Amino acid sequence: MGATFVLVHGGGHGGWCWQRVAKLLRTHGHDVYTPTLTGFGERSHLDTASVTFETFVLDVANVLEFEDLHDVVLVGHSMGGVIIPRVAEHAPDRIAAVVWLAAVVTADGESLLDAVPQSPWIAKAVTIGPDGTAHTDPDLILEANIHDGTPEDKAMLRARHTPYPPHALTEPGRLSAFLALGLPTAFITAADDRTIEAPITAAFAGRLPGAARMTVPGGHDCMITQPEAVARALLTALPQKGEHRAG
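Since the model is a prediction, treat every value here as computed from it, not as a measurement.

Here is what the cut-offs are and how they apply
- Residues numbered from 1 in each chain as written.
- Predicted model: local features only at pLDDT ≥ 70, side-chain atom pairs only at ≥ 80, totals over all residues.
- Heavy atoms only, no water.
- Helix = DSSP H or I, 4+ residues; strand = E, 2+ residues; numbered from the N terminus.
- Buried < 20%, exposed > 50% of the residue type's maximum accessible area, 1.4 Å probe, protein only.
- Polar contact = N/O pair within 3.5 Å; in protein donor to acceptor, adjacent residues only side chain to side chain.
- Contact = heavy atoms within 4.5 Å.
- Pairing = 2+ DSSP bridges.
- Axes fitted to C-alpha atoms, helices over the stretch in contact; angles between N-to-C directions.
- Right-handed = clockwise from strand over helix to strand, strands pointing away.
- Core = buried A, V, L, I, M, F, W, Y, C linked by side-chain atoms within 4.5 Å.
- Phe/Tyr/Trp six-rings, centres within 6.5 Å; stacked < 30°, edge-to-face > 60°.
- Parallel < 35°, antiparallel > 145°, perpendicular 65-115°, else oblique.
- Left-handed = near helix turned anticlockwise from the far one by under 90°.

1. A few points about the side chain of Glu110
Link 1 in the chain: Relative to the helices and strands, Glu110 is located in the loop between β4 (95–103) and α4 (112–115).
Link 2 in the chain: Take Glu110: its relative accessible area is 15%, and that puts it in the buried class.
Link 3 in the chain: From its side chain, Glu110 meets the backbone nitrogen of Ala107 in a polar contact 2.9 Å long.
Link 4 in the chain: Residues contacting Glu110, with those up to four places away along its chain left out, are Val105, Ala115, Glu171, Pro172, Gly173 and Arg207.

Shown next as structure tokens:
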């Protein structure tokens, strides 16, 4: 039997960013779900004035419940790394493993702004307002997120990239409640990431005791530019038969 993957995108993206990886995983016989969080992608028409991380958690947790998914490999990219541990807290009995892909791991009380120092490329592309609103240059952000992409890749991202809700960068994160669940974890680093640079991702991986660590080629949006490598890494991250929670 194949595995069940739920792939959670990061800020500015949507479920669309997983198309290439999802196709490869499905070719190998796995089920794949790619929910889009409220206010992004094809759901960017929705009002985000009252959206919080809890909204994003329910966006994903409701997929698990209404599709009746079990033994899920839950994957988060970038900002999605803040969402996935909370989804696991919400429905721990439905989760087989949790995987961070070029993603943020926030400590208790730590926001995305606290956790991720601006890289030189992000500093050029993004200005943060006093309320935490990110003002993004649509061209310069491509050099941070997808510098290794083809012209077609970059055009796709430029056309589909949407703004962050203000809260997303400033809302406090949490981790300890997730770690107490003892679920298997993995952290996949993008070797040429210009958005979350290697020393930062190494520190994030270190916050996940016992996590399997892998590296894939490519920049931050490696799921677009290096889908084969990302799919292979996700298959490697599948929990082995008989693997149980640490707790």
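2. With respect to the sheet that holds strand β7 (residues 185–190)
Link 1 in the chain: Spatially, the six strands line up as an open sheet ordered β2-β1-β3-β4-β7-β8, and their pairing is parallel. The open sheet has two edge strands, β2 (31–33) and β8 (212–216), and neither has a second partner. The mean inter-strand angle of the sheet, taken between neighbouring strand axes irrespective of direction, is 20 degrees.
Link 2 in the chain: Summarising the sheet, strand β1 (residues 4–8) and β2 pair through three bridges and their orientation is parallel. Residue pairing across strands places Phe5 opposite Val32, the latter belonging to β2.
Link 3 in the chain: The sheet contacts of helix α10 (residues 198–206) involve β4, β7 and β8, and relative to β7 the element is tilted by about 180 degrees.

3. Brief notes about the pairing of β4
Link 1 in the chain: Extensive coverage of β4 is indicated by the burial of nine of its nine residues.
Link 2 in the chain: Two strands pair when backbone bridges link them, and strand β3 (residues 72–78) and β4 are joined in this way by seven bridges, in the parallel orientation. By the bridge assignment, Val75 is partnered in β4 with Val99.
Link 3 in the chain: As a crossover connection, the stretch from β3 through helix α3 (residues 80–90) into β4 is right-handed.
Link 4 in the chain: Bridge count between β4 and β7: four bridges; the pairing is parallel. Bridging across to β7, Trp100 finds its partner in Phe187.

4. Focus: the environment of Ser78
Link 1 in the chain: Tracing the chain through its elements places Ser78 in strand β3.
Link 2 in the chain: Sequence separation between Ser78 and Val104 is 26 residues; the distance between their C-alpha atoms is 5.5 Å.
Link 3 in the chain: Filtering out sequence-adjacent residues up to four positions away, Ser78 remains in contact with Gly10, Leu101, Ala102, Ala103, Val104, Ile196 and His220.

5. As for the pairing of β8
Working note: regular strand, side chains alternate between the two faces of the sheet.
Link 1 in the chain: As paired elements, β7 and β8 share five bridges and run parallel to each other. Looking at the pairing, Ala186 lines up with Ala212 of β8.
Link 2 in the chain: Taken together, β7, α10 and β8 form a β-α-β motif whose crossover is right-handed.

6. A closer look at the nonpolar core
Link 1 in the chain: By size, the foremost hydrophobic cluster in this structure holds 81 residues, and its most contacted members are Phe5, Leu7, Leu74, Val75, Trp100 and Leu234.
Link 2 in the chain: Broken down by element, this core gets its largest block of residues, seven residues, from β4.
Link 3 in the chain: Each residue touching Leu74, except ones within four places of it in the same chain, is listed here: Val6, Val8, Val60, Ile84, Val87, Ala88, Ile95, Ala97, Val98 and Val99.

7. Examining the packing of aromatic side chains
For any pair of aromatic rings, the description consists of the separation of the ring centres together with the inter-plane angle of the planes.
Link 1 in the chain: By the definition in use, this model includes three aromatic pairs.
Link 2 in the chain: Every member of this aromatic cluster is reached through a ring pair, and the members are Phe40, Phe53 and Phe56.

8. As for the packing of helix α2 (residues 53–66) against α3
Link 1 in the chain: Contact pair α2 / α3: the axes reach a minimum separation of 9 Å and the direction vectors enclose 55 degrees. Taken together, the axes of α2 and α3 lie oblique to each other. Relative to α3, α2 is oriented so that their crossing is right-handed. Here Phe53, Phe56, Val57, Leu58, Val60, Ala61 and Leu64 of α2 come into contact with α3, specifically with Val82, Ile83, Arg86, Val87 and His90.

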